[in-house]
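Fold and geometry: a report
These are the residues of each chain, in order.
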Amino acid sequence: MTRWKSFSVQTRREAVDAVTQFFVAHGSLGTAYDEQLLGAEGDPADPIPPPPKVTRLTAYFPFDTDLHALKQAFLDLVPVLSESFGSGPEAFSDATEITDTGWAEKWKEHFHARKIGRKIVIKPSWETVEAGEGEVVLTVDPGQAFGTGTHETTQMCLRMIEDVFDLSPPPRDALDVGTGTGILGIAAARLGAKRVLAVDTDPVAVDVAGKNAVENGVADVFRAATTPLSAIPGAFDLVLGNLIAEILIDMAPELLRRTAPGGHLILSGILAEKSGWVVEEFVKNGASLFAESADGQWTALLFRKEE
């Protein structure tokens, strides 16, 4: 009988991305958390209610995982989260052994096709969706990498990518930094980019992104790699970075160095109260703010690099 272990914590909604990435880095096979997407009768809620301030996040691990060491690593992460997000509710909840493998499929019940912007539709591989007029359907399976297109930060990026490809001329190439499942870079390829480089420090994410590129028919223009940003030659018409404010600030000179003159840079994963800090840093490094988008506690920024 196949056996697994689960590890649950409580965290604030805006820290779900960071905690999920922490679990992935420690060998998680998948994560799940509650989203209020359904109404009282089980139908999609309209409008979707605001997410709870504190949510329960559960990660699943191979049975030989040392949960004691994992708990200590999580407790060591809590002060880091406090530095980024302020003092919050992060705490260990519980851990248990699982002998029923049905959990591995349950998260699929909550991941369905949805239209993100004017054109982009995100769907999992187990659903069939016919593209409507002018629509681009992206198939994304997360595997062990983060990113299904449901998070506000990803959705804002996708809408901004649509806007940039409506400009004349549209981007010829794109760089996706911290690609995860590859969803942003794949969207750029499907919208017309002739070359997309997607980089991530996690080799599992690189593998997942490559498989998703094949699934979406863009493997000929999309390449995923663990190449450090500092080692990437040349510059790109479009650079994408869905990270957090602190990381974006640290990477500002390199990100702009990889953005071609006259090119665009889309940044997300930024808490609203930190957007001014990010804008100031990137303007100082030679970019001008082109557009800004907000969704709940999150902000996405679109910059244009001066020619």
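Reference entry: report on the structure contained in this document. (Residues numbered from 1 in each chain as written. Predicted model: local features only at pLDDT ≥ 70, side-chain atom pairs only at ≥ 80, totals over all residues. Heavy atoms only, no water.)

1. Overview of the overall build of the protein chain
Of the regular secondary structure elements, the protein chain holds eight helices and 14 strands. A total of 307 residues make up the protein chain; the buried ones form 49% of that total. Looking at the protein chain alone, contacts between residues at least 24 apart form 70% of all its contacts between residues at least 6 apart. For the protein chain, the accessible area works out to roughly 14300 Å², and carbon and sulfur atoms hold 52% of it. (Helix = DSSP H or I, 4+ residues; strand = E, 2+ residues; numbered from the N terminus. Buried < 20%, exposed > 50% of the residue type's maximum accessible area, 1.4 Å probe, protein only. Contact = heavy atoms within 4.5 Å. Areas by Shrake-Rupley, 256 points an atom, 1.4 Å probe, with all protein chains shown as cover.)

2. Focus on unusual backbone geometry
The amide bond that connects Ser168 to the next residue, Pro169, takes the cis arrangement and shows omega of -5°. Inspection of the secondary structure assignment puts Pro169 in the loop between helix H4 (152–165) and strand S8 (173–177).

3. Details of empty space enclosed by the protein
Applying the stated criterion across every chain, the model contains one cavity of 30 Å³ or more. Taken together, Ser84, Phe85, Ile244, Ala245, Glu246, Gly269, Ile270, Leu271 and Lys274 form the lining of the largest cavity. Within the residue set of the lining of the largest cavity, elements represented by two or more residues are helix H2 (67–85), helix H7 (245–257) and strand S12 (259–271). The element best represented in the lining of the largest cavity is S12, accounting for three residues. Split by residue class, the lining of the largest cavity holds five nonpolar, two polar and two charged. (1 Å grid on protein atoms, 1.4 Å probe; cavity = no way out; pocket = protein on both sides within 12 Å on 5 of 7 lines; lining within 4 Å. Points joined across faces, edges and corners; volume = space filled by probe spheres on them. Nonpolar A, V, L, I, M, F, W, Y, C, P; charged D, E, K, R; others polar.)

4. Digging into the packing of aromatic side chains
For the coordinates displayed, the defined rule picks out seven aromatic pairs. Arranged with centres 5.8 Å apart and planes meeting at 75°, the rings of Phe7 and Phe23 form a pair that is edge-to-face. In this pair, Phe7 sits in strand S1 (residues 4–12) while Phe23 sits in helix H1 (residues 16–25), placing the two residues 16 residues apart along the sequence. Phe23 sits in the buried class, given a relative accessible area of 0%. Clustering of aromatic rings is evident, with ring pairs tying together Phe7, Phe22, Phe23, Phe61, Phe74 and Phe92. A cation over a ring is seen here: Lys5 above Phe63, with NZ or CZ 5.1 Å from the ring centre. (Phe/Tyr/Trp six-rings, centres within 6.5 Å; stacked < 30°, edge-to-face > 60°. Lys NZ or Arg CZ within 6 Å of the ring centre and 35° of its normal.)

5. Digging into helix H8 (residues 275–284)
Every buried residue belonging to H8 is among Ser275, Val278, Val279, Glu281 and Phe282, and all of these are buried. Seen from one end, H8 has its buried residues packed into an arc of 165°, which puts them on one side. H8 presents Glu280 and Lys284 as exposed residues on the side facing more than 90 degrees away from its buried surface. Tucked inside the fold, the buried residues of H8 contact H7, S12, strand S13 (287–295) and strand S14 (298–305). Directly beyond the C-terminal end of H8, a positive phi value near 105° is found at Gly286. (Arc of directions from axis to C-beta.)

6. Some remarks on the side chain of Asp176
Along the chain, the position of Asp176 falls in strand S8. One buried charged side chain, Asp176, makes no salt bridge at all; its nearest oppositely charged neighbour is Arg223, positioned 13 Å away. Dropping the residues within four chain positions of it, Asp176 is found in contact with Gly182, Leu184, Gly185, Leu197, Ala198, Val199 and Leu240. (Lys, Arg positive; Asp, Glu negative; His and termini not counted. Salt bridge = Lys/Arg side-chain N within 4 Å of Asp/Glu carboxyl O.)

7. Things to note about the environment of Lys123
Inspection of the secondary structure puts Lys123 in strand S6 (residues 120–123). Put simply, Lys123 and Val137 are 14 residues apart on the chain and 7.1 Å apart in space, counted from C-alpha to C-alpha.

8. A closer look at the pattern of salt bridges
Opposite charge on two side chains makes pairing possible when the charged atoms of those side chains draw close. Scanning the model with the defined rule gives 15 salt bridges in all. Taking the shortest distance from any N to any O, the salt bridge between Lys119 and Asp166 comes out at 3.0 Å. Here the residue Lys119 occupies a position in the loop between strand S5 (114–115) and S6, and Asp166 occupies one in the loop between H4 and S8, the gap between them amounting to 47 residues. Taking the relative accessible area as the measure of exposure, Lys119 reaches 22% and is therefore partly exposed. One salt bridge in this structure joins Arg172 and Asp237, with 2.8 Å as the shortest N-O distance. In this pair, Arg172 sits in the loop between H4 and S8 while Asp237 sits in strand S11 (residues 236–242), placing the two residues 65 residues apart along the sequence.

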